[in-house]
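# Overview (structure and organization)
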Amino acid sequence: MNEIKYPAIIIPQSQRTKGDLNGDKMTLDLYIKIIMIYFALFTSGLSYAEQNEINTNDNIDVLFNFGRPATTEEIKKWDLDVRPDGTGLPLGKGSVKEGEILYAAKCAFCHGINGKGGINGRLVADEGEEFPQGIIACGFECRTIGNYWPYATTLYDYILRSMPMNAPGSLTFNEVYALSAYLLYLNKIVPDNITLSASSLKEIVMPAHDKFVPDDRLEYNEVH
Ligand code: HEC
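Since this is a predicted model, take the numbers as computed values, not measurements.

## Description of the packing of helix H7 (residues 152-162) against helix H8 (residues 173-186)
For the pair H7 and H8, the least separation of the axes is 9 Å and the interaxial angle reads 130°. Classed by the angle they form, the pair H7 and H8 counts as oblique. Considering how the two elements wind past one another, H7 and H8 form a crossing that is right-handed. On the side of H7, the interface is formed by Ala-152, Leu-155, Tyr-156, Ile-159 and Leu-160, while H8 contributes Val-176, Leu-179, Ser-180, Leu-183 and Leu-184. Here the residues of the contact of H7 with H8 are counted per class, giving nine nonpolar, one polar and no charged.

## Considering the site of the ligand
Around the ligand there are 20 residues in total, and Cys-107, Cys-110, Gly-121, Pro-164 and Met-165 lie nearest to it. Mapped by element, the contributors of at least two residues to the shell around the ligand are helix H5 (108-111) and H7. Here the shell around the ligand is composed, by residue class, of 13 nonpolar, five polar and two charged.

## A word on the nonpolar core
By size, the foremost hydrophobic cluster in this structure holds 34 residues, and its most contacted members are Tyr-156, Leu-179, Ala-181, Tyr-182, Leu-183, Leu-184 and Tyr-185. Take this core: its biggest share by element is ten residues, from H8. Sequence-distant contacts of Leu-184, defined by excluding residues within four places in its chain, comprise Ala-152, Ile-189, Val-190 and Ile-204.

## Topic: helix H4 (residues 96-106)
Buried residues of H4: Val-96, Gly-99, Leu-102 and Tyr-103, and no others. Along H4, the residues classed as buried sweep out an arc of 120° about the axis, all on the same side. In H4, the exposed residues that point more than 90 degrees away from the buried face are Ile-101 and Ala-105. For H4, the elements touching its buried residues are strand E1 (93-95), H5 and H8.

## Considering unusual backbone geometry
The amide bond that connects Met-163 to the next residue, Pro-164, takes the cis arrangement and shows omega of -5°. Within the secondary structure layout, Pro-164 lies in the loop between H7 and H8. Backbone geometry at Asn-114 places phi at a positive 60°, although glycine is not the residue there. Within the secondary structure, Asn-114 sits in the loop between H5 and helix H6 (145-148). Owing to 15 C-beta atoms within 10 Å, Asn-114 belongs among the partly exposed residues under this scheme.

## Overview of H7
Those residues of H7 that sit buried are Ala-152, Thr-153, Leu-155, Tyr-156 and Leu-160. Along the axis of H7, the buried residues cluster in a sector spanning 155°; they form a single face. On its buried face, H7 sits against H6, H8 and helix H9 (198-201).

## Here we look at the confidence of the model for the chain
Chain-level pLDDT for the chain is 81 on average; 71% of the residues reach the 70-or-more range. This model gives residues 1-24 a pLDDT under 50, and the stretch forms eleven contacts once residues within four places in sequence are excluded. With pLDDT under 50 throughout, residues 45-49 is counted as low confidence; its partners more than four residues away or in other chains account for one contact.

## Focus: the packing of H4 against H8
Relative to each other, H4 and H8 sit at 95°, their axes nearing to 7 Å. In terms of orientation, H4 and H8 fall into the roughly perpendicular class. When H4 is examined against H8, the residues Val-96, Glu-98, Gly-99, Glu-100, Leu-102 and Tyr-103 are found in contact with a partner set consisting of Glu-175, Ala-178, Leu-179, Ala-181, Tyr-182 and Tyr-185. The class makeup of the residues in the contact of H4 with H8 is eight nonpolar, one polar and three charged.

Scoring rules and cut-offs
Residues numbered from 1 in each chain as written. Predicted model: local features only at pLDDT ≥ 70, side-chain atom pairs only at ≥ 80, totals over all residues. Axes fitted to C-alpha atoms, helices over the stretch in contact; angles between N-to-C directions. Helix = DSSP H or I, 4+ residues; strand = E, 2+ residues; numbered from the N terminus. Parallel < 35°, antiparallel > 145°, perpendicular 65-115°, else oblique. Left-handed = near helix turned anticlockwise from the far one by under 90°. Contact = placed C-beta atoms within 7 Å. Nonpolar A, V, L, I, M, F, W, Y, C, P; charged D, E, K, R; others polar. Near = placed C-beta within 6 Å. Core = buried A, V, L, I, M, F, W, Y, C linked by C-beta atoms within 7 Å. Buried ≥ 20, exposed ≤ 12 C-beta atoms within 10 Å, placed from the backbone. Arc of directions from axis to C-beta. pLDDT = per-residue confidence, 0-100.

Structure representation (structure tokens):
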């Protein structure tokens, strides 16, 4: 068996200098240089951080001389994540009818009338459109709320924090319930007379719910 003595990084044979008997040696020299430069930068960065203890607010002030710690009120405004099981859903409610009006005014010019054919992502699945199994490169073309999203609660979370794209954070909790209801209705997941709130939204089972599994493989290193 051929033992690999050095370096730990292996490159294809074709990348070695052609016709150069010292090909191996030259490649190794280059790697050593790269590693030395990397170390020099990394360790100097560390000692800089250590010397200045830049992870405390006081020292950030001294270092950059601008900004201030966020207030509890400000943090509360941004701390709005809704989990798949519905944890974090705020109080409020909204109907499909209310959502239809809001959608026409605030969303249709990017996502198209009825959630299709706009300049940005399609939000509504076509009749009978399947889960895009195995299609990796199709992006928003084949991944819609109706055929791809595993949780209705994520729709609420997404709209609340990021839509409309030109004014994220501008919608009220009730408006987000109404828009979620309307988009779920367009995807034929709820009827047109429904009013959604936290308790009813988290009960909705999406068509793609069973297409996802938690990644609990233990034979590989965990990567976060
Ligand atoms: C200025 C353009 C613009 C407006 C207005 C806008 N969006 Fe979006 N929206 C985007 C872009 C860009 C994305 C991310 C990429 C994509 O899906 O095209 C997106 C993504 C989304 C997605 C996720 C789509 C997916 O399957 O990943 C949802 C849901 C959504 N928008 C809902 C809304 C709602 C509801 C409104 C109205 C309140 C709205 N958007 C208004 C541009 C916009």
